Structure formats: structure tokens, C-alpha cells
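The chain contents come next:
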Amino acid sequence: MDPNNGSVADNLLEEMMEITGQNLITIKVDDHYKFIKQLGKGKYGQVTLVIHRQKGTPMALKLLPKTFTKRQNFLYEYCVALCLSSHPNIIGMFGIAFESSDHYGFLYEVALHQDLISIIKPTEGVPEPVAKVCTNQLVSALEYIHSKGLVYRDVKPENVLLFGPDCQRIKLTDFGLTRPKGTMLKLVSGVIPYTAPELSNTQNGEAVPIDFTLDAWAFGVLLFCLLTGYFPWETTVASDPFFEDFIIWQETGSHEHLAWHWKKLTTEAMDMLKQLLALNPCNRSPVSKALWYLDYPWRVDTWK
Ligand SMILES: Nc1ncnc2c1ncn2[C@@H]1O[C@H](COP(=O)(O)OP(=O)(O)OP(=O)(O)O)[C@@H](O)[C@H]1O
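Numbers given for residues are sequential positions, taken from 1 along each chain in its written order. Two thresholds apply to this predicted model, a pLDDT of at least 70 for residue-level local features and 80 or more for giving and counting side-chain atom pairs, whereas whole-chain, interface and lining totals are computed over all residues. Side-chain calculation: all heavy atoms of the structure are included, whereas hydrogens and water are not.

Undergrad: Any chance you could explain the overall build of the protein here in plain terms?
TA: Every helix listed is a DSSP run of H or I at least four residues long, and every strand listed is a run of E at least two residues long, numbered separately from the N terminus. Helix and strand content of the protein: nine helices and 12 strands. In terms of overall dimensions, the protein is globule-like: its C-alpha atoms have a radius of gyration of 20 Å, near the 19 Å expected for 304 residues. Along the first, second and third principal axes, the C-alpha set of the protein runs to 60 × 45 × 30 Å. Burial classification: accessible surface area is computed with a 1.4 Å probe over protein chains only, and a residue below 20% of its type maximum counts as buried, one above 50% as exposed, and the rest as partly exposed. Going through the 304 residues of the protein one by one, you find that 51% of them count as buried. Contacts: residue pairs with any heavy atoms within 4.5 Å of one another. A separation threshold of at least 6 residues defines the contact pool for the protein, and within that pool the share at least 24 residues apart is 67%. Accessible surface, the protein: about 14,500 Å² in total, of which carbon and sulfur atoms supply 54%. The charged-residue count follows a simple rule in which Lys and Arg add positive charge and Asp and Glu add negative charge, with His and chain termini not counted at all. One atom stands in for each charge, and that atom is NZ of Lys, CZ of Arg, CG of Asp or CD of Glu. For the protein, the distance from the average position of its 28 positive side-chain charges to the average position of its 33 negative side-chain charges is 6 Å. Computation of the radius of gyration draws on C-alpha atoms alone. For the globule rule, the value is 2.2 Å times the number of residues to the power 0.38. Note on areas: Shrake-Rupley, 1.4 Å probe, and residue coverage restricted to the protein chains presented here.

Rendered as C-alpha cells:
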């Protein structure tokens, strides 16, 4: 974290991390929480449904192995999540963090309907009203994160938790990659469809200052997945033929080469994605631009 960054969130976070770090208790997880089932597993941690042994409260427990997790990074993820958790579309926290002999852990609310990836039908996506109700809530969550001077950096359906079968209430989770705007970062783990081109095109591990525009890009990719059931490309490098065709569309306006799954989208949805996925981050629209398009149809078919 850059202490000179000066954002309100940054100053508050420093203090929260220091106090949390000083008061981090060491426990044996099984003494306090009864394991019920695994809810998910990511690259870094695993999330389990547990029940508080004394109170009987169901909770989601995220455990991060100490072998892969720096103490400061754990404290950062926990404190950022805590700072943001008052927003209705961001996961609620119980305010409990601890360490065991081999893990760091914290507790938060359980989403009983899994995550957004579980309802995206391959080659189809989700019905348009579902995509729109998700858009509304995700824009609200991302704008809130940005208003705190933070870049979320992990927009993807796996990080959107569902609190009902119809997506009327969804929440963002996993703040392990969130950092203050302006933090200098290198591309570390390979290029994925959600990686904005200004990051995937960096040379020789060069660091770039991160900006909200990274989230707008990833949000555009997520909307494409919701509306089509496909990724628009595999990687955001010119050698990817799907991305190459997209570059031609962005630069010349000619969409004759665009992959066929773009043809599922209306002119208005294409226009929205063109702005969220502008190749130059200076020309990219903020996530809120999607709200402007909510009253227009997004899919040419009639899957309502
Ligand atoms: N509170 C929760 N309720 C239900 N399921 C959850 C909850 N939190 C996480 N999950 C599930 O666990 C998965 C992994 O969680 P999370 O993204 O926090 O782990 P991670 O190790 O940080 O993942 P990543 O590889 O993205 O960094 C999620 O995609 C989701 O399916």
C-alpha cells in the first residue's frame, strides 16, 4: 500500500490493519466452529459453511493458508471487506478475524444460492431481466468501492454471490486483490479475459498505476458473459483472433469480422460494451454508463 496515496480509505485502512493485527487472537478453529460443508475454493483460500458452536449462527469461514498468505495481505483483505461491508451489495462481515497454527481466517455471511457463475448457461447466458437486475446492483457496489478510492480488481461471476434464485439480491465478495487507485502494480498471474489491455500489454513486468478503468473493463466482459454465455475472447492480446477482431471493430467500426456470438446483442448493447471496453482507458466509460442503457433491449432474441 502506498502511504502517500492520500485517499481516505487508505488512511483508515492503515489504522484498522494495525489495530486488528495487534488484537488477532490465536484459536483452534474446530473448538469454535463446526464445519458443515465446503462452499467454494479459490486460488488462495477455501470457504466453508460453519456453525458457531455456542451461538448456533451459520457463517461463511474463509481460511487462507499461512504458507501462501502474507500476514499484511490477510489483514488488508479483511479490513477492506469490513470497511465496505455496509453497502447492500457487498458481503456482510461478522467482524471476527483470527489465526490458527497454519491459517488466517475471518467470518462473513453465507450466500445460500451460490455465485453468479452457477446460473450462467454456457452458450446462452442468463435471461435479459436477470442481466439487468445484476447490472444495477453491481454498478452500485463498484461505484461505492470507487468512491472510497479503491479499485476492486476482481470483477468476475465467481465473486458475485446470490442471496435468492432470481438475483434480486446479489453481493460482491473477495477483496484480496483490492488496492487504492494509483497503486503501482505488475501483471502477475497470466492474462485472463477480464484483464484490461493496458495491463496485458505491459512489457517486461513493467508496473502501471491502477485505475477504476480496470473494473469498467472487467465489468464489460462480465456483461458480455451474462448476455451470451461466452467469453468474448480468451486473452486480451492481439494474437488472440477474437480479440483481434474486436480491435478492428473498435478502431474501424467494421463489425463484419466480429465473432458470431456478438450478433446476439442489440445495437444499444453493442454500443454500451464498446464504451465499457474502450481499448484506451482514457476513453473508457465508468461502470455507471451501463445504467444509461437499462431501458433499451440488450438481446435480439426474445429470451425474457
Ligand atoms: N459467503 C459465501 N457464501 C457462499 N459461497 C461463498 C461465500 N464466499 C465464497 N463463496 C464461494 O467460494 C468461492 C471462493 O471464494 P473466494 O473468491 O473468496 O476465494 P479466493 O480463494 O479468494 O478466490 P480467488 O481464486 O478468486 O482469489 C466463491 O467463488 C464462491 O463460489
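Next comes the rest of the description.
Undergrad: How should I be thinking about the state of the cysteines in this particular structure?
TA: A covalent bond between the sulfur atoms of two cysteines is referred to as a disulfide. Criterion for a disulfide: a pair of cysteine sulfur atoms at a distance within 2.5 Å. Within the structure shown, the criterion is met by zero disulfides. C79 forms no disulfide, and the closest cysteine sulfur to it belongs to C83, at a distance of 6.8 Å. Judged by its relative accessible area of 0%, C79 falls in the buried class. Judged by its relative accessible area of 25%, C83 falls in the partly exposed class.

Undergrad: Any chance you could explain the environment of A81 here in plain terms?
TA: Examined against the element boundaries, A81 turns out to sit in helix 3 (residues 71-84). Look past the residues within four positions of A81 in its chain and what remains in contact with it is M93 and F175.

Undergrad: Mind showing me how you'd approach the side chain of H146 here?
TA: Note on placement: H146 falls in helix 4 (residues 128-147). Of note is the side chain of H146, whose polar atom sits 2.7 Å from the side chain of D215. Identification of polar contacts relies on pairs of N or O atoms within 3.5 Å, with a donor-acceptor requirement for protein atoms, meaning one able to donate a hydrogen and the other able to accept it, and with residues adjacent in sequence counted only if both atoms are side-chain atoms.

Undergrad: Could you clarify how one ought to interpret the site of the ligand in this entry?
TA: We call a residue near a molecule or strand when any one of its heavy atoms sits within 4 Å of it. Around the ligand sit 20 residues in total, of which K43, K62, E109, D115 and E158 are the nearest. The contact in question runs from an oxygen atom of the ligand to an N or O atom on the side chain of K62, over 2.7 Å. Between D174 and the ligand, the recorded distance is 2.8 Å, taken from a side-chain N or O atom to an oxygen atom. Relative to its free-state accessible area of 620 Å², the ligand is covered by the protein chains to the extent of 92%. Residue assignment for the shell around the ligand shows that the elements contributing at least two residues are strand 2 (33-41) and strand 4 (58-65). For the shell around the ligand, a count of residues per class yields eight nonpolar, four polar and eight charged. Classification convention: Asp, Glu, Lys, Arg as charged; Ala, Val, Leu, Ile, Met, Phe, Trp, Tyr, Cys, Pro as nonpolar; all other residues, Gly among them, as polar.

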